[in-house]
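Secondary and tertiary structure notes
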Amino acid sequence: MSLVVTDLHAQLEDGTQILKGVNLEIPTGEVHAIMGPNGSGKSTLSKVIAGHESYEVTTGSVTIDGADVLEMDIDERSRAGVFLAFQYPHEVPGVSNANFIRAALQARLPKGEELDAVAYYKDLYSKMDLLEMDRKFTARAVNEGFSGGEKKRNEILQMMMLDPRYCILDETDSGLDIDALKIVAKGVNAMRSPQRGILMITHYQRLLDYIKPDHVHVMAEGKIVRSGGPELALELEKDGYEFLKEAATA
Ligand code: ADP
Ligand code: MG
Ligand code: MG
């Protein structure tokens with residue numbers, strides 16, 4: 001079982017090429033990290049996998065467990081088991097967190113089947129406890145007036161509740177304070193499982209101090225240019241992305 005990206009090329013509506021042949025395989029049971037300079041196409045990769053409409057795939061494929069993801073609409077992708085953290089609307093005015101997640105879970109059940117509310121709240125509260133979230137949080141509207149750290153926690157909560165087979169976390173460049181970072185890491189680490197593949201996208205090495213990846217990839221100019229083990233992240237922290245320039249001029 002794996003999420004496989006093969007020779008993926010994607011462009012903007014105006015024809016600007018952003019992804020220029022990405023190859024990546026994330027088997028269940030593994031955590032992969034993609035690092036790389038700003039503007040290298042990391043977020044675009046995650047959005048293309050999730051089905052964002054701004055990008056057109058011109059060549060290549062994305063499959064999960066053999067199924068063609070590019071043929072699926074956004075909802076089908078999520079039902080098929082891909083979850084992109086931070087893809088959800090920034091705010092959903094008037095809809096409480098608890099109801100938002102409940103509706104998402106209900107939507108996945110076969111027609112006529114009702115979500116067990118008691119079991120749902122039990123599960124929700126146990127996950128909130130792990131993420132050190134206040135119970136009052138359930139009644140608040142989704143992301144309305146949340147701090148950056150609260151939004152991240154909420155997204156991890158959504159992810160934990162939806163229990164996807166493949167998780168993609170695109171850490172935005174807006175910094176989390178160290179406490180929020182640790183909590184996010186705790187949630188992600190709790191989700192590590194032989195049945196799940198996780199892709200962490202991050203500009204900074206910092207997050208990888210708390211979530212140890214099995215494999216690290218470097219993206220530059222729309223391609224994966226280097227792959228290695230967790231030591232690659234440490235090397236990048238120490239030496240930066242200078243090697244990319246050396247490689248380009250070599
Ligand atoms: P990263 O996440 O690695 O910082 P992005 O995937 O966000 O990189 O962006 C890669 C390049 O594509 C950047 O030059 C960015 O400006 C451009 N880009 C991505 N999405 C869009 C878009 N919707 N409209 C215009 N430019 C875009
Ligand atoms: Mg960026
Ligand atoms: Mg980005």
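- The protein chain has the name Fe-S cluster assembly ATPase SufC in an unreviewed UniProt entry, where Haloferula chungangensis is given as its organism.

**Structural notes on the sheet that holds strand β6 (residues 82–85)**
- Pairing in this open sheet of six strands is mixed, and the strands run β6-β9-β10-β3-β11-β12 from one edge to the other. Only two strands of the sheet have a single partner each, and these edge strands are β6 and β12 (223–228). Adjacent strand axes in the sheet meet at a mean angle of 20 degrees when their direction is disregarded.
- Where strand β3 (residues 31–35) meets strand β11 (residues 215–220), four bridges bridge the pair, whose relative direction is parallel. From the neighbouring strand, methionine 35 faces β11, where its bridge partner is valine 218.
- Here helix α5 (residues 148–162) sits on the sheet and contacts β6 and β9 (166–170); the angle it forms with β6, its principal contact strand, is near 170 degrees.

**Examining the site of ligand 1**
- Around ligand 1 lies a shell formed by Leu12, Ile18, Gly36, Asn38, Gly39, Ser40, Gly41, Lys42, Ser43, Thr44 and Ser54.
- When its residues are assigned to classes, the shell around ligand 1 shows two nonpolar, eight polar and one charged.

**With respect to the pairing of strand β2 (residues 17–27)**
- Note: strand β1 (residues 2–12) against β2, eight bridges, orientation antiparallel. When the sheet's bridge partners are listed, histidine 9 is paired in β2 with lysine 20.
- Hairpin connection between β1 and β2: a loop of four residues separates the two successive antiparallel strands, and glycine 15 in this loop has a positive phi of roughly 95 degrees.

**Points about the sheet that holds strand β4 (residues 55–64)**
- The strand order across the open sheet formed by four strands is β2-β1-β4-β5, and the pairing between neighbours is antiparallel. Here the strands that pair on one side only, and so sit at the sheet edges, are β2 and β5 (67–68).

**Remarks on the packing of helix α3 (residues 97–106) against α5**
- Taken N-terminus to C-terminus, the directions of α3 and α5 make an angle of 30 degrees; their axes are 10 Å apart at the nearest point. Here α3 is positioned roughly parallel relative to α5, judged by the angle of their axes. Note on packing geometry: the crossing formed by α3 with α5 is right-handed. Touching Asn97, Ile101, Ala104 and Leu105 of α3 are Asn154, Gln158, Met161 and Leu162, all from α5.
- Tallied by class, the residues present in the contact of α3 with α5 amount to five nonpolar, three polar and no charged.

**Some details on the confidence of the model for the protein chain**
- Put simply, the protein chain has an average pLDDT of 89, and 94% of its residues get 70 or more.
- This complex was scored by the predictor with a pTM of 0.91 and an ipTM of 0.96.

**Examining α3**
- Within the sequence span of α3, burial applies to Asn97, Phe100 and Ile101. For α3, the angular spread of the buried residues around the axis is 90 degrees, confining them to a single face.
- For α3, the elements touching its buried residues are β7 (92–96), α4 (117–130), β8 (141–142) and α5.

**With respect to helix α7 (residues 231–239)**
- Among the residues of α7, Leu232, Ala233 and Leu236 are the ones counted as buried. Projection of α7 onto a plane perpendicular to its axis shows the buried side chains occupying an angular sector of 105 degrees, all on one side. Residues Glu231, Lys238 and Asp239 are exposed on α7 and point more than 90 degrees away from its buried face.
- Packing partners of the buried residues in α7 comprise β3, β11 and β12.
- Just downstream of α7, glycine 240 is the residue with a positive phi angle, here 70 degrees.

**Comments concerning the environment of alanine 10**
- Here alanine 10 is to be found in strand β1.
- Beyond its immediate chain neighbours, meaning those up to four positions away, alanine 10 contacts Ile18, Leu19, Thr44, Val48, Tyr55, Glu56, Val57 and Thr58.

**Remarks on the pairing of β9**
- The element β9 is extensively covered by neighbouring structure, given that five of its five residues are classed as buried.
- With burial as the criterion, each face of β9 is covered, one bearing Tyr166, Ile168 and Asp170 and the other bearing Cys167 and Leu169.
- Here β6 runs beside β9; their pairing, made up of four bridges, is parallel. Within β9, the position partnered with valine 82 by the bridge is tyrosine 166.
- By the bridge criterion, five bridges tie β9 to strand β10 (residues 197–201) in an arrangement that is parallel. Across the sheet, the residue bridging to tyrosine 166 is glycine 197, located in β10.

Each value, and the rule that gives it
- Note on numbering: residues in each chain are counted from 1, in written sequence order.
- Each chain is given a letter, starting from A, and each ligand a number, starting from 1, according to the order in which they appear as written.
- In keeping with the predicted nature of the model, local features appear solely for residues at pLDDT of at least 70, side-chain atom pairs appear and are counted solely at 80 or more, and the whole-chain, interface and lining totals rest on all residues.
- In this analysis, strands are considered paired if DSSP registers two or more bridges between them.
- The helix count covers DSSP runs of H or I at least four residues long, the strand count covers runs of E at least two residues long, and both are numbered beginning at the N terminus.
- Fitting a line to C-alpha atoms yields each axis, with helices limited to the stretch in contact; the angle taken between N-to-C directions then spans 0 to 180 degrees.
- Working definition of a contact: two residues with C-beta atoms, positioned from the backbone, lying within 7 Å.
- By definition, a residue lies near a molecule or strand provided its backbone-derived C-beta atom is within 6 Å of it.
- Three categories are distinguished: nonpolar for Ala, Val, Leu, Ile, Met, Phe, Trp, Tyr, Cys and Pro, charged for Asp, Glu, Lys and Arg, and polar for the others, with Gly belonging to the last.
- We call two directions roughly parallel when the angle between them is under 35 degrees, roughly antiparallel when it is over 145, roughly perpendicular when it lies between 65 and 115, and oblique otherwise.
- Less than a right angle of anticlockwise turn of the near helix away from the far helix marks a crossing as left-handed, whereas a clockwise turn marks it as right-handed.
- pLDDT runs from 0 to 100 and stands for how confident the predictor is about each residue.
- Using C-beta atoms placed from the backbone, we call a residue buried if 20 or more other C-beta atoms fall within 10 Å of its own, exposed if 12 or fewer do, and partly exposed for counts in between.
- Working definition: the arc comes from the directions between the helix axis and the C-beta atoms, pointing outward to the latter.

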